[in-house]
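For reference, the chains in residue letters:
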Amino acid sequence: MADLGRFGLEPRHLRSVKAAADREAGLIEQVVAPLRRHRNPQTRAHAEATAQELAAQSVRLHAALMQIALGTRSQ
């Protein structure tokens, strides 16, 4: 966050970014919640792995969408 400050971004500017991240996390939680409720430890472990994979995919999607929005996507 300090690095963003060099560009004039302050914590108040980042509220929308945090809100978007919270919404994405909520979506992932909805997907894995049924798996996390299982009694089977393997199923719960699968839920954690799935959440991590979905988070990684979400980061890649976000980066691609930002590149498109800013017109910086390499051809």
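Numbering of residues starts from 1 in every chain and runs along the sequence as written. For this predicted model, a pLDDT threshold of at least 70 governs which residues receive local features, and a threshold of 80 or more governs which side-chain atom pairs are given and counted, while totals over whole chains, interfaces and linings are taken from all residues. Side-chain numbers here rest on the full set of heavy atoms in the structure, without hydrogens or water.

1. Quick notes on the pattern of salt bridges
Here comes step 1: Salt bridge criterion: a side-chain nitrogen from Lys or Arg within 4 Å of a carboxyl oxygen from Asp or Glu. In total, this model carries five salt bridges according to the counting rule given.
Here comes step 2: Note that Lys 18 and Asp 22 form a salt bridge whose closest N and O atoms lie 2.9 Å from each other. With Lys 18 and Asp 22 both in helix 2 (residues 15–36) and four residues apart, the pair spans about one turn of that helix.
Here comes step 3: Among the salt bridges present, the one from Arg 36 reaches Glu 29, with a minimum N-O distance of 2.6 Å.
Here comes step 4: Residue classification places Glu 29 among the partly exposed positions, given a relative accessible area of 39%.
Here comes step 5: Ionic contacts of the salt-bridge type, sharing partners, join the residues Glu 29, Arg 36 and Glu 48 into one network. Helix and strand assignments follow DSSP, with helices taken as H or I runs no shorter than four residues and strands as E runs no shorter than two, numbered in order from the N terminus. Working definition: with a 1.4 Å probe on protein chains only, accessible area under 20% of the residue-type maximum means buried, over 50% means exposed, and in between means partly exposed.

2. What to know about helix 2
Here comes step 1: A rise of 1.5 Å per residue sets the reference length of helix 2, with its 22 residues, at 32 Å; its end C-alpha atoms lie 29 Å apart and thus fit the reference within 8%.
Here comes step 2: Remark: the principal bend of helix 2, roughly 35°, maps to Gln 30, with a proline, Pro 34, within the next four residues. Expected helix span is given by 1.5 Å per residue-to-residue step, counting one fewer step than there are residues. Axes are fitted to the seven residues ending at a residue and to the seven starting at it; the angle between these axes is taken as the bend at that residue.

3. Some remarks on the confidence of the model for the chain
Here comes step 1: Of the residues in the chain, 95% reach a pLDDT of 70 or more, and the chain-wide mean stands at 92.
Here comes step 2: Per-residue pLDDT, averaged within each element of the chain, yields its smallest value for helix 1 (residues 2–5) (86) and its largest for helix 3 (residues 41–70) (96). Think of pLDDT as the predictor's per-residue confidence, scored from 0 to 100.

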